[in-house]
Amino acid sequence: MPLKITVNDRTYRWMDRPLVVVCIDGCQYEYITAAVAAGVAPYLGRLISGAGTSIMAECVMPSFTNPNNLSIVTGVPPAVHGICGNYFYDPERGEEVMMNDPRYLRVGTILAAFSEAGAKVAVITAKDKLRKLLGHRMTGICFSSEKADQVSLAENGIENVVARVGMPVPSVYSAELSEFIFVAGVKLMERERPDLMYLSTTDYVQHKAAPGTSAANDFYAMIDRNIARLDQLGATVVLTADHGMNAKHGADGQPNVIYLQDAIDTWLGKNAARVILPITDPYVVHHGALGSFALVYVGRSGDEAALAERIAALSGIELVLTRAQAAARFELPPDRIGDLVVVSRQDTVIGTSRDRHDLSGLDVPLRSHGGVSEQKVPLIVNRRVSDVPQSHRWRNFDAFDLGLNLAVEAS
Ligand SMILES: [Zn+2]
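Residues numbered from 1 in each chain as written. Predicted model: local features only at pLDDT ≥ 70, side-chain atom pairs only at ≥ 80, totals over all residues. Heavy atoms only, no water.

S.K.: Help me understand the packing of aromatic side chains, please; the structure alone is not making it clear to me.
M.R.: All told, the structure shown has seven aromatic pairs when counted by the stated rule. Measuring from centroid to centroid gives 5.1 Å for Trp14 and Phe114, while their planes differ by 40°, and the two rings are tilted. Of this pair, Trp14 sits in the loop between strand E2 (10-13) and strand E3 (19-23) while Phe114 sits in helix H5 (residues 110-116), and the two are 100 residues apart along the sequence. Across the pair, exposure class does not vary: Trp14 and Phe114 are buried alike. Look at Tyr198 and Phe400: their rings are 6.3 Å apart centre to centre, the planes differ by 35°, and that puts the pair in the tilted class. Of this pair, Tyr198 sits in strand E9 (residues 196-200) while Phe400 sits in helix H15 (residues 399-406), placing them 202 residues apart in sequence. Looking at Tyr198, the relative accessible area reads 0%, which means it is buried. What links up through ring pairs into an aromatic cluster is the set Tyr31, Phe219 and Tyr220. (Phe/Tyr/Trp six-rings, centres within 6.5 Å; stacked < 30°, edge-to-face > 60°. Helix = DSSP H or I, 4+ residues; strand = E, 2+ residues; numbered from the N terminus. Buried < 20%, exposed > 50% of the residue type's maximum accessible area, 1.4 Å probe, protein only.)

S.K.: It is not clear to me how the sheet that holds strand E13 (residues 274-276) should be interpreted in this structure. Could you clarify?
M.R.: The strands making up a sheet are joined through hydrogen bonds of the backbone, oriented either antiparallel or parallel. Sheet architecture is open: four strands sit in the order E13-E14-E16-E15, paired in antiparallel fashion. Looking at the sheet topology across the chains shown, the edges are occupied by E13 and strand E15 (317-322). Going across the sheet, the axis of each strand differs from the next one's by a mean of 25°, ignoring polarity. With five bridges connecting them, E15 and strand E16 (residues 340-344) associate as antiparallel partners. Paired with Ile317 across the two strands is Ser344, which belongs to E16. This element, helix H14 (residues 323-330), spans strand E14 (293-297), E15 and E16 of the sheet and lies at about 105° to E15. (Pairing = 2+ DSSP bridges. Axes fitted to C-alpha atoms, helices over the stretch in contact; angles between N-to-C directions. Contact = heavy atoms within 4.5 Å.)

What follows is the structure in structure tokens.
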């Protein structure tokens, strides 16, 4: 085995024990502290009170699932890896393009590099949409709990997952979809013992339940049990999140929505500019495709500066940036974002047109993400960490660096 591997200009030490990186989707830090305070997450409690290392880190913008999962497994921001949402607008083709195909990925992953160098690598995701991106050019085990009953040795590097896990294939809208991942991860660690494992859950629970609620605490108790077991099995475990999660509704329980396409249509005429919501994906029941981040394509004849000013004046808007400003500040690929990048405040989301959002599936008041208000995420490891300057800006995509290079002693 090589001593070190360099991926996207970052160097990682070869592991001397298995490393498990866990991305808990939508894990606002308070979910952990509330579960610990309630006494249901004793293992996490020990880690954050000194047995391990607990850091407040930042996720990348937009604070969505795919850009952040890809940052974590590549170690670099979206400007480098290219995935900056679920959708982007291709002005040449005049259409919105789904970005969940690996051909949009501009660099290789840490997982692929280690597997190529001979490490035993395993990846388990909740939704199948992420599996192909995360498993790009990687050999080893790679499957989703959503399609756990359809795995094959040829496609996923594993067979009989459902029987081995001992749980039925969960609904795509359930806490069990994530639990399945942890149970499967523990089973793999017991038998296959991967050198490197990446577990990535879904934020179904966090979209519905605030920190400290019984649904949330049950979920974190489940996580606590399973990562304690991974620790017992000798793994270094790094836990982080793709983004936080906040309430996006008023006291009446109704979502605070800025229908940006409607507003711009009123000002400039129908479809003079185009609003794209990169949160949109085939699974929108739990958030109605409403998040705190939007792209605006102004069109050739439009006055970008004037439009930016009008959008910024809307109540609930936090930031309006030009393409160049957003690319620089948020490390985004300029060719895959709008002329304007719009971010709403912590309690507000952005929609396109009122009639394009089906909110009938929202059975609880809206919680969502996408903004700078959801950028704070936990970065926790079950080890002590070697000297790092106090001023170090920790990102969630430092997870592999932390687990392989900086974690020094057993807790
Ligand atoms: Zn997410």
